[in-house]
Amino acid sequence: MALLQIENLTFSHYDSKPIIQNLNLTISEGDFHVIFGPSGSGKSTLLNNLIRAEKAVGHLQGEVRLRNKPIAQYSIRQQVSEIGFVRQNPHKQIIFEDVLQELAFGLENIGVSQDEMKIRIGEIVQFFGMQNWLHEKTDHLSGGQKQLLNLASTLVMNPTIIVLDEPTAQLDPIAAKEFIQLLQRINEELGKTIIIVEHRLESLFPIATHMTLIEVGMQVCSGTVEEIIHFLQKNDHHFRKCLPPSLQLATDLGWDEFPLTIKDGIKVLRSKNIGKLAYESKTMNRTSPVRLEVKNIHFRYSKNAIDLLEDVSFELHKGEIISIFGNNGSGKSTLLKAISGQRNFYKGSILIDGVKQKKLSARHLNREGIASLPQDPSTLFIEDTIEKDFLKYCDACAISKDNVERVISLLQIEAIRKQHPDDLSGGELQKAALAKLLLNNPQILLLDEPTKGLDLFAKEQYRQLLIQLKNNGMSILIVTHDLEFAARTSDGCTLFFDHKLVAIKSPQQFFKQNNFYTPTVNQLAKPFFDDVVIYEDLLSRIQDEMGVQLNDNSK
Amino acid sequence: MLTFHQFHPLTLTLYYLFLLVILWLFKAPIVIFLLFISLFLFWSISQNRKSILNELVFVASLSGLIMLFTIYFYHNGATPIFYLNDQAVTTEVIFYSIVMAVAVAATWITWQALIISFPMKKIIYLTSNRSITLAIALSNFVRWIPNGKIQFQKVMEAQQSIGYFSSQSKFERMYKTVKIWMNSYYNAFENTFQKSAVMHERGFKSGKRTHFQHYRFRKTDCIIVVSILITFFIMVINYAQLRYYFFPLRKEMTVEPIYWLVFVFISLPIIIQIKGWVQWHYYKSKI
């Protein structure tokens, strides 16, 4: 019997076109159902309509049935006991100042006795391994811990269905993988039904049971994982790029195998005798002049604390893109703030075009020629509309207003120029924020997690824009968890570890020495070509090899 | 070790309400000044040096503005010192403006101390089984100001980093700061509705609630509550005698016997915290 049925669901805000149209979904008990699609396609709106308490204001048609009964007929208490919801932003979901109370809140609301609460919380804490931070303040938790707490707070209520809206969007790659593995355990060991919206699909294909693709509010395809893969391959759909690289390879090369995991992919490649040819690894070519030089900077937040930045030194050349990786809380964002002038380091120096930079006063916390994108891009906007904000900023910084049209056209944000910043999706906000920074024609761009909230295609557009800026001579420093994006975009990569930056290397040289902090493509290719970091390179090398093999066979 | 925050939420509610009512009902300058000093010390114990300095700057600025405003618009009193726009500025008004400025500062710092004493869970504990709407409104209102502060700092930093404050005009920079301040607190206010939505998603308005943590009403709570009620009752009966007036001539400043009890209440948080600190160090020395 179907657990959840969505029939002809159509939703629109008043006086606007539908956000979702005629959606039909059937979810059975124990399913691990992945919903995917481009940003703004209505996925989050669909999830919101599954939870009566959080219904968006608008016009709804169609029906959602839980155990064959319309969901509207369930009381709120019954609903929250059946369906748990984990949002994208871990910070916005947490209510209380301490972890224990956060875990208990849902149980208090459904009237569970104190003794039973203690047992259920104790069990969940064990399952999630939260013992060491159980008595911490929620403000002091890392992003990964916060998202775990949200999942634990949801699971402690023992719902039948757990709904997750891009839960790994703000997590580093290792935390994201661990989170997905935990979801798999919850699905397999506890039999919970999982409905998840995600952009990072590679790790979900092997564990999902069903998938649904939504575009422009409409259901393009829904079915088992095999059916979805077959649909994407047969129609050469642009979302084929979301398939695991091993499967993409098999499709592109016309192989019969169906490898979903890295392990299966490596087996297939071994069977094809790949990896006999030698290749030269790409190295960094740093001949352009040094634009930014960071020399031995030290920084700590207070006298008695340890250094967050300890003897950090590196160079950024003209027309270069460097990506910095590292765990949450390791100091990467603080490094960007130290460079842009928002944090005064107590030792060391920063030189821009060979000129040593002075410490900035509290009033002027910006260095000339540097633009910095914060982790929360909404803090860059203070006016009612994007266009108004750009114009006010031009007035404030004595910039020509012609630049407003230039950046709007460059970032292709014409459609959102009259919108309020709070009404934009995550991806739109990132683009608008970058546009604002480009108004002042900076020479150095510092980007903190710029691809957060962007789908695959938006990321590609963003990447092309950064390359264009780079080719025009801009120097770009990116702090990111997005390994694939960095591999495609950067000239150099480095890791922030133990309060320092390790040596900057080309993406190929950097990733080849890593087993965990590396794109999925590199994990697949490592036994054969350890310096391959993007899919196209892997495909081309295998095609070379196959060409060579075919030539050998024909002799 | 008992700390002030560990009293029953009802006791704490009554305590803070009592202080605010006494402050504004009687307006006794000695009580106002002592209240401000005592609660500021109590609040500072849990803060770092930078926060304390920022708070002092804010309180001093706010008090200064209130004093100027009062002196400019109030012309009561019998002892003029100078004339402003042909209106007399009297010693009574000056004294009144100082006392009112400190009263507002004391109210602000009482609010700050209350936020520390009342995490969300205590507010929910007190109000949720009486009125869910009140519980949501109060808990989100209490979090509004701390969240507004955080948002203000984030936005200020981001805007400073892109050169928004690069103007030479002090007035323009001040205007922009006020604009960001209003924007941040408005955003924080809007976000409280989002928290409400999250609370609803987890079944907050779905029926009778149980509690994970129960607060014991101890003997000390009983003593404090009864003492507060008796003190307040005595003060209300003697309102005419106890209330302080500023105009036309200000009342002679005397310490009525009942005020000694009020002083004890005002100093209670800091006395208990110091006692707890001493006790802890004593036990630590035995480890």
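What you see is a predicted model; the values in this text were computed from it and never measured. (Residues numbered from 1 in each chain as written. Chains lettered and ligands numbered in written order. Predicted model: local features only at pLDDT ≥ 70, side-chain atom pairs only at ≥ 80, totals over all residues. Heavy atoms only, no water.)

1. Considerations on the overall build of chain B
Logical step 1: The helix and strand tally for chain B stands at 10 helices and two strands.
Logical step 2: Helices and strands appear in chain B in the N-to-C order α-α-α-β-β-α-α-α-α-α-α-α.
Logical step 3: If one aligns the C-alpha atoms of chain B with their principal axes, the spans along those axes are about 65 × 60 × 45 Å.
Logical step 4: The buried share of chain B, taken over its 287 residues, is 48%.
Logical step 5: Restricting to contacts in chain B with at least 6 residues of sequence separation, those with at least 24 account for 73%.
Logical step 6: Roughly 15100 Å² of accessible area belongs to chain B as shown, and the carbon and sulfur atoms make up 69% of that amount. (Helix = DSSP H or I, 4+ residues; strand = E, 2+ residues; numbered from the N terminus. Buried < 20%, exposed > 50% of the residue type's maximum accessible area, 1.4 Å probe, protein only. Contact = heavy atoms within 4.5 Å. Areas by Shrake-Rupley, 256 points an atom, 1.4 Å probe, with all protein chains shown as cover.)

2. Let's talk about the sheet that holds strand E12 (residues 309-317) of chain A
Adjacent strands of a sheet pair through backbone hydrogen bonds, lying either parallel or antiparallel.
Residue and element names in this part refer to chain A.
Logical step 1: Across the sheet, four strands lie side by side as E12-E11-E14-E15; this open sheet has antiparallel pairing. This sheet does not close on itself; its edge strands, each paired only once, are E12 and strand E15 (355-356).
Logical step 2: Along the sheet face, helix H11 (residues 332-340) touches strand E11 (290-299), E12 and strand E14 (347-352) and points at about 65 degrees away from the line of E12. (Pairing = 2+ DSSP bridges. Axes fitted to C-alpha atoms, helices over the stretch in contact; angles between N-to-C directions.)

3. Re the interface of chain B and chain A
Logical step 1: Each side of the interface is counted separately: chain B has 44 residues, and chain A has 55 residues.
Logical step 2: The junction of chain B with chain A conceals about 4500 Å² of combined surface from both sides, 51% of it contributed by carbon and sulfur atoms.
Logical step 3: Of all residues in chain B, Glu201, Arg202 and Phe212 of chain B give up the largest surface area on contact with chain A, accounting jointly for 21% of the area buried on that side.
Logical step 4: At the boundary of chain B and chain A, one finds eight salt bridges.
Logical step 5: At the junction of chain B and chain A, the tally comes to 22 residue pairs in polar contact (both at pLDDT 80 or more).
Logical step 6: Broken down by element, the residue count for the side of chain B that touches chain A peaks at 14 residues, all from helix H7 (residues 170-201) of chain B.
Logical step 7: Here the side of chain B that touches chain A is built from residues that sort into 14 nonpolar, 17 polar and 13 charged. (Buried area = accessible area lost by both parts, 1.4 Å probe. Salt bridge = Lys/Arg side-chain N within 4 Å of Asp/Glu carboxyl O. Polar contact = N/O pair within 3.5 Å; in protein donor to acceptor, adjacent residues only side chain to side chain. Nonpolar A, V, L, I, M, F, W, Y, C, P; charged D, E, K, R; others polar.)

4. Focus on the UniProt feature "transmembrane region" (unreviewed entry) in chain B
Residues and elements named next belong to chain B.
Logical step 1: Here, UniProt's "transmembrane region" (unreviewed entry) annotation points to residues 15-44, 56-74, 94-116, 222-246 and 258-278.
Logical step 2: Helix and strand shares over residues 56-74 are 95% and 0% respectively, and the end C-alpha atoms of the span are 26 Å apart.
Logical step 3: Secondary structure across residues 258-278 comprises 100% helix and 0% strand; the distance between its end C-alpha atoms is 29 Å. (UniProt positions renumbered as here; feature names shortened; annotations may be inferred.)

5. Description of a nonpolar patch on the surface
Logical step 1: A cluster of nonpolar side chains, namely Leu17, Val21, Leu25, Val236 and Tyr239 of chain B, defines an oily patch on the protein surface of about 380 Å² accessible area.
Logical step 2: For the nonpolar patch, the element with the most residues is helix H1 (residues 9-26) of chain B, which contributes three residues. (Patch = residues over 30% accessible without salt bridge, like charges linked within 9 Å, V, L, I, M, F, W, Y side chains within 5 Å.)

6. Section: the nonpolar core
Within soluble globular proteins, side chains that are nonpolar generally end up buried alongside one another.
Logical step 1: Formed by 59 residues in total, the largest nonpolar core has its most connected members in Leu103, Phe128 and Leu151 of chain A.
Logical step 2: Not counting the four nearest positions on each side in its chain, Leu103 of chain A is found in contact with Ile121, Ile124, Val125, Met130, Leu134, Leu149, Ala152, Ser153 and Val156 of chain A.
Logical step 3: One finds Trp43, Ile145, Tyr185 and Phe246 of chain B within the second-largest nonpolar core, a separate group that totals 55 residues. (Core = buried A, V, L, I, M, F, W, Y, C linked by side-chain atoms within 4.5 Å.)

7. Some words on the domain arrangement of chain B
All names here are of chain B.
Logical step 1: Domain annotation for chain B reports domain 1 (4-118 + 216-281) and domain 2 (122-201).
Logical step 2: At the junction of the two partners, domain 1 supplies 14 residues and domain 2 supplies 10 residues.
Logical step 3: Across the domain 1 to domain 2 interface the summed buried area is about 1000 Å²; carbon plus sulfur atoms make up 73%.
Logical step 4: Among the residues domain 1 hides against domain 2, the three largest losses belong to Trp111, Ile115 and Phe118. Together they make up 47% of the total.
Logical step 5: Put simply, domain 1 and domain 2 have one salt bridge between them.
Logical step 6: Across the pair Glu55 and Lys149 runs a salt bridge, and its minimum N-O distance is 3.4 Å.
Logical step 7: Linking domain 1 with domain 2 are three residue pairs in polar contact (both at pLDDT 80 or more), by the criterion used here. (Domains from an automatic or database assignment.)

8. A look at unusual backbone geometry
Residues other than glycine predominantly adopt negative phi, and peptide bonds predominantly adopt the trans conformation.
Logical step 1: Here the amide bond leading from Phe247 of chain B into Pro248 of chain B is cis, since omega sits at -5 degrees, within 30 degrees of zero.
Logical step 2: Along the chain, Pro248 of chain B turns up in the loop between helix H9 (239-242) and helix H10 (257-285).
Logical step 3: Residue Val216 of chain A is not a glycine yet carries a positive backbone phi of 50 degrees.
Logical step 4: Mapped onto the fold, Val216 of chain A is located in the loop between strand E9 (210-215) and strand E10 (218-224).
Logical step 5: When its relative accessible area of 60% is taken as the criterion, Val216 of chain A is described as exposed.
Logical step 6: For Lys27 of chain B, which is not a glycine, the phi torsion comes out positive at approximately 55 degrees.
Logical step 7: Residue placement: Lys27 of chain B occurs in the loop between H1 and helix H2 (29-44).
Logical step 8: Overall, the relative accessible area of 25% leaves Lys27 of chain B in the partly exposed class.

9. Quick look at the sheet that holds strand E13 (residues 321-325) of chain A
Residue and element names in this part refer to chain A.
Logical step 1: Overall, mixed pairing links the six strands, which are arranged E16-E17-E18-E13-E19-E20 in an open sheet. The sheet is open, and its two borders are formed by strand E16 (370-373) and strand E20 (500-501), each paired with just one other strand.
Logical step 2: Judged from the four bridges that link them, E13 and strand E19 (residues 492-497) form a sheet pairing that is parallel. In the sheet register, Ser323 faces E19, and the bridge partner there is Cys493.

10. Looking at the pattern of salt bridges
Residues and elements named next belong to chain A.
Logical step 1: In total, this model carries 35 salt bridges over all chains according to the counting rule given.
Logical step 2: The salt bridge involving Asp236 is made with Arg240; its shortest N-O contact spans 2.9 Å.
Logical step 3: Note on Arg240: relative accessible area 16%, which makes it buried.
Logical step 4: When the shortest N-O distance is used, the salt bridge between Glu414 and Arg417 registers 3.0 Å.
Logical step 5: Connected through shared salt-bridge partners, Glu387, Glu405, Glu414, Arg417 and Lys418 make up one network.

11. With respect to the domain arrangement of chain A
Residue and element names in this part refer to chain A.
Logical step 1: Along its sequence, chain A is organised into domain 1 (2-237) and domain 2 (290-528).
Logical step 2: Distance from the C-alpha centre of domain 1 to the C-alpha centre of domain 2: 31 Å.
Logical step 3: Roughly 1100 Å² is buried in total at the junction of domain 1 and domain 2, and carbon and sulfur atoms are behind 52% of that figure.
Logical step 4: The largest per-residue losses of area from domain 1 upon contact with domain 2 belong to Asp172, Pro173 and Ile174, which jointly make up 34% of the total buried on that side.
Logical step 5: Counting the contacts that link domain 1 with domain 2 gives zero salt bridges.
Logical step 6: In this assembly, domain 1 and domain 2 are joined by one residue pair in polar contact (both at pLDDT 80 or more).
Logical step 7: At the level of secondary structure, the elements contributing two or more residues to the side of domain 1 that touches domain 2 comprise helix H6 (143-155) and helix H7 (173-189).
Logical step 8: Looking at the side of domain 1 that touches domain 2, the element that brings in the most residues is H7, giving three residues.
Logical step 9: Residues that form the side of domain 1 that touches domain 2 fall into these classes: five nonpolar, five polar and four charged.

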